Amino acid sequence: RWMHDQTMRWANHGYNATEIAEMLVLPPELAAHAHTTGYYGHLAHNVKAVFQRYLSWYDGNPANLWKLPPVQAGQRYVELAGGADALLVAARRAFDAGDYRWVAELVNHLVFAEPDNTGARELQADALEQIGYQTESSTFRNAFLSGAQELRNGCMPRTPAGRSGYLEAMTPAQFFDTLAVRLRAEDVGGVQVAVNLTFTDLDQQWVLGLDHRALHAIPGRHEPSAVCTLTGPKAVLHRVLETAPFAQSVAAAVGDGTLVVDGSVAAAEPLFANLDTFLTNFPLVEPKPS
């Protein structure tokens, strides 16, 4: 309660989340208890979460309202510093002085501007490692050390994010939400199509439609203008809708007798042919792959 109220107290004085996180220190009577120590959470983290809950991420400073993305900002900061070599000289001097947080902020710009710069990656990894070693919070330590690991060794192998383990646990509504998030909206301009679904084991009817570059799902009815109707148990329908190419997946389910189709599967293909595949282990401390 102390953290919550003091965060909002200083917010009402006009301080932003980053400033408040530096200002607040646990008072002695709270710091004396083991359960208030930031072994897992961290005061600086939690202050920002409280601030964002009530006031959003925007701190009121218009310079922070529409900031440049990390790569573009990094390139400009490196140029301002006089080039990569000059920036590294300043960063190494800060590192030798133990100013690791500043090193991490400074060299981050160079890593995003020149992700193949070995000197920048090594120095950034060293700085993150030192910060990680010095923090009590396990979540903070893991974040900093994971960043150092990525800079030194690259990302772990990237594979399609596994979904089979939780498809069975999802309700149809939850499953349709995951499909909507995966839609490549830039590829479906002008496409309008609807598919009816009947979940035989749940006694549910749904309409899954694509319109205005977004997927929508409507429970409790079928759409007369739908291009086809798929009928089967939840596990089969989830698998069919999830697996590409859609027409082949439907054909396989029809072939083994687990799915019944009425209408044109080919006409429904645009609805399922433009779903993104998410990969595990995306980079965190360097530019995302193009």
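A brief report on the enclosed structure follows. Note that the structure is a prediction, hence the values are computed from the model and not measured. (Residues numbered from 1 in each chain as written. Predicted model: local features only at pLDDT ≥ 70, side-chain atom pairs only at ≥ 80, totals over all residues. Heavy atoms only, no water.)

1. Remarks on the pattern of salt bridges
Side chains carrying opposite charge are able to pair once their charged atoms draw close together.
Right, so step 1: Per the stated rule, a full pass over the model turns up eight salt bridges.
Right, so step 2: In this structure, Arg101 and Glu22 form a salt bridge, with 2.7 Å as the shortest nitrogen-oxygen distance. Residue Arg101 is found in helix 7 (residues 100–113), and its partner Glu22 is found in helix 2 (residues 17–23); the two are separated by 79 residues along the sequence.
Right, so step 3: Asp187 is the salt-bridge partner of Arg184, the closest N and O atoms lying 3.0 Å from each other.
Right, so step 4: Using a relative accessible area of 42% as the deciding quantity, one classes Asp187 as partly exposed.
Right, so step 5: Taken together, the shared-partner salt bridges connect Asp126, Glu129 and Arg152 into one network. (Salt bridge = Lys/Arg side-chain N within 4 Å of Asp/Glu carboxyl O. Helix = DSSP H or I, 4+ residues; strand = E, 2+ residues; numbered from the N terminus. Buried < 20%, exposed > 50% of the residue type's maximum accessible area, 1.4 Å probe, protein only.)

2. With respect to unusual backbone geometry
Right, so step 1: Following Ala244, the chain continues into Pro245 via a peptide bond in cis, with omega recorded as -10°.
Right, so step 2: Located in the positive-phi region is Asn281, a residue other than glycine, with phi close to 60°.
Right, so step 3: The residue Asn281 is located in the segment after helix 14 (265–272) in this model.

3. Considering the side chain of His238
Right, so step 1: Relative to the assigned elements, His238 resides in helix 12 (residues 234–242).
Right, so step 2: Dropping the residues within four chain positions of it, His238 is found in contact with Leu167, Met170, Thr171, Pro172, Phe175 and Phe199. (Contact = heavy atoms within 4.5 Å.)

4. Some thoughts on the environment of Ala31
Right, so step 1: Among the secondary structure elements, Ala31 is positioned in helix 3 (residues 28–31).
Right, so step 2: Looking at Ala31, the relative accessible area reads 42%, which means it is partly exposed.
Right, so step 3: Not counting chain neighbours up to four residues away, the residues in contact with Ala31 comprise Leu26, Thr36 and Thr37.

5. Re helix 8 (residues 118–134)
Right, so step 1: Counted at 1.5 Å a residue, the expected span for helix 8 with its 17 residues is 24 Å, and the 25 Å between its end C-alpha atoms agrees.
Right, so step 2: Listed as buried for helix 8 are Gly119, Ala120, Arg121, Leu123, Gln124, Ala125, Ala127, Leu128, Glu129, Ile131 and Gly132.
Right, so step 3: Buried positions along helix 8 lie against helix 6 (84–96), helix 7 and helix 9 (138–153).
Right, so step 4: Two or three places before Gly119, at the opening of helix 8, Asn117 has a side-chain oxygen 3.2 Å from that residue's backbone nitrogen. (Expected span 1.5 Å × (residues − 1). Polar contact = N/O pair within 3.5 Å; in protein donor to acceptor, adjacent residues only side chain to side chain.)

6. Points about helix 12
An α-helix turns once per 3.6 residues; consequently, residues spaced three or four apart project the same way.
Right, so step 1: Summarising burial for helix 12: seven of the nine residues are buried, a large majority.
Right, so step 2: Among all positions of helix 12, only Lys234, Val236, Leu237, His238, Val240, Leu241 and Glu242 are buried.

7. Let's talk about the pairing of strand 1 (residues 193–199)
Right, so step 1: Burial within strand 1 is extensive, with seven of its seven residues counted as buried.
Right, so step 2: The turn linking strand 1 back onto strand 2 (residues 204–211) is made up of four residues, and Asp203 within it adopts a positive phi angle of 55°.
Right, so step 3: Here strand 1 pairs with strand 4 (residues 228–232) via five bridges, running parallel. Residue Phe199 lies in a different strand from strand 4, and its bridge partner there is Gly232. (Pairing = 2+ DSSP bridges.)

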